[in-house]
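Breakdown of the fold
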Amino acid sequence: MIEFAVDLISQVGLLGAAFLIGIEVVIPPIPSEAILLLTGFNVALGRFGFVEAIFATVVGSLVGASFWYLIGYLFTQQRVENLVSKYGKYVGLPVKNLTKTMDWFKRYGSSLVFFGRMFPIVRSLVSIPAGLVKMGIAKFYFFSTAGILIWNTLWITIGFNLGENWQAAEDFAQVLDWIVYALLAILFTYVLVNFVKQVTKKSN
């Protein structure tokens, strides 16, 4: 996939970078860090400007974030609560916990949207609860843009300074990704164990 990204950005330029980063938010086939590092390298080659690169990748990220926000927005809280009421017991998630979580997100969601843009996987998923709690579109875009701007600028700058050695930073980025994946795996295991306990208890 990296070769595909290299070819696409080389041939299409900033539109290719914006497209890749937008797709990464929706379905992450390539880590955003790799795309941004590659974009920074192309800036170093003089293929496009630094500010233009940041602008294009921020817009691409926002388009991807908008997709998941819309998905969350189309689901009413009542509909989600009905689903949890029916199936939540199998994963240890009672409706009252969901309600508390939704209330918590309504209160602190702005910070979560902002910081969530700086973590793999989370940057995609955080848009869903934002849509579910019907976070104001202006607030959603403001905090999303702020977080994305910091993240994209950081990695494009690193790629620009490393030049042809931009892939050296990709190894470090992959370590960060694996840490997040490990935490998600622990969470998944917890949910799976609860599911098995509930099914076993019900069968007895």
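This section reports on the structure supplied with the text. Quantities reported herein were computed from a predicted structural model and do not represent experimental measurements. (Residues numbered from 1 in each chain as written. Predicted model: local features only at pLDDT ≥ 70, side-chain atom pairs only at ≥ 80, totals over all residues. Heavy atoms only, no water.)

**Here we look at the overall build of the chain**
- A count of helices and strands for the chain gives 10 helices and zero strands.
- Helices and strands in the chain line up, N terminus first, as α-α-α-α-α-α-α-α-α-α.
- Taken across its 204 residues, the chain has 40% of its residues classed as buried.
- Contacts in the chain between residues far apart in sequence, at least 24 positions, make up 73% of those at least 6 positions apart.
- Carbon together with sulfur atoms contributes 71% to the accessible area of the chain, which is approximately 11400 Å² in total. (Helix = DSSP H or I, 4+ residues; strand = E, 2+ residues; numbered from the N terminus. Buried < 20%, exposed > 50% of the residue type's maximum accessible area, 1.4 Å probe, protein only. Contact = heavy atoms within 4.5 Å. Areas by Shrake-Rupley, 256 points an atom, 1.4 Å probe, with all protein chains shown as cover.)

**Points about helix α2 (residues 14-26)**
- Spanning 13 residues, α2 covers 19 Å between terminal C-alpha atoms, matching the ideal 18 Å at 1.5 Å per step.
- Listed as buried for α2 are Gly16, Ala17, Ala18, Leu20, Ile21, Gly22, Glu24 and Val25. (Expected span 1.5 Å × (residues − 1).)

**So, the packing of α2 against helix α4 (residues 50-74)**
- Axis separation between α2 and α4 bottoms out at 7 Å; the angle between their running directions is 30°. Judged by the angle between their axes, α2 and α4 are roughly parallel. The hand of the α2/α4 crossing is right-handed. On the side of α2, the interface is formed by Leu14, Ala17, Ala18, Ile21, Gly22, Val25 and Val26, while α4 contributes Glu52, Ala53, Ala56, Thr57, Gly60, Ser61, Gly64, Ala65, Phe67 and Trp68.
- Residues that form the contact of α2 with α4 fall into these classes: 11 nonpolar, five polar and one charged. (Axes fitted to C-alpha atoms, helices over the stretch in contact; angles between N-to-C directions. Parallel < 35°, antiparallel > 145°, perpendicular 65-115°, else oblique. Left-handed = near helix turned anticlockwise from the far one by under 90°. Nonpolar A, V, L, I, M, F, W, Y, C, P; charged D, E, K, R; others polar.)

**Some thoughts on unusual backbone geometry**
- The phi dihedral of lysine 134 is positive, around 60°, even though this residue is not glycine.
- Owing to a relative accessible area of 34%, lysine 134 belongs among the partly exposed residues under this scheme.

**With respect to the nonpolar core**
- Counting residues in each nonpolar core, the largest one holds 22 residues, and the members touching the most others are Ile9 and Leu36.
- Elements with a minimum of two residues in this core: α1 (2-12), α2, α3 (32-44), α4 and α9 (137-162).
- Considering each element in turn, this core owes the most residues, six residues, to α3.
- Among residues more than four places away in sequence, those in contact with leucine 36 are Ile21, Thr57, Trp151, Asn152, Trp155 and Ile156.
- Counting residues in hydrophobic clusters, the runner-up holds nine residues, among them Tyr69, Phe105, Val126 and Phe140. (Core = buried A, V, L, I, M, F, W, Y, C linked by side-chain atoms within 4.5 Å.)

**Remarks on the packing of aromatic side chains**
- This model, assessed by the stated rule, comprises eight aromatic pairs.
- Between phenylalanine 142 and phenylalanine 143 the ring centres are 5.1 Å apart and the planes differ by 90°, which places this aromatic pair in the edge-to-face class.
- Residue phenylalanine 143 is classed as partly exposed on the basis of its relative accessible area of 24%.
- The cationic tip of lysine 134 hangs over the ring face of tyrosine 73; the distance from NZ or CZ to the ring centre is 4.9 Å. (Phe/Tyr/Trp six-rings, centres within 6.5 Å; stacked < 30°, edge-to-face > 60°. Lys NZ or Arg CZ within 6 Å of the ring centre and 35° of its normal.)

**Observations regarding α3**
- Helix length check: α3 (13 residues) gives 18 Å between terminal C-alpha atoms against 18 Å at 1.5 Å per residue, within 8%.
- Across the 13 residues of α3, 12 count as buried, placing the element largely inside the fold.
- Buried within α3 are the following residues: Ser32, Glu33, Ala34, Ile35, Leu36, Leu37, Leu38, Thr39, Gly40, Phe41, Asn42 and Val43.
- In the segment just after α3, glycine 46 is the residue with positive phi, at about 85°.

**Focus on a nonpolar patch on the surface**
- A cluster of nonpolar side chains, Phe50, Val51 and Phe160, forms an exposed patch at the surface whose accessible area comes to about 270 Å².
- With respect to the secondary-structure elements, valine 51 resides in helix α4.
- A relative accessible area of 60% means that valine 51 is categorised as exposed. (Patch = residues over 30% accessible without salt bridge, like charges linked within 9 Å, V, L, I, M, F, W, Y side chains within 5 Å. Salt bridge = Lys/Arg side-chain N within 4 Å of Asp/Glu carboxyl O.)

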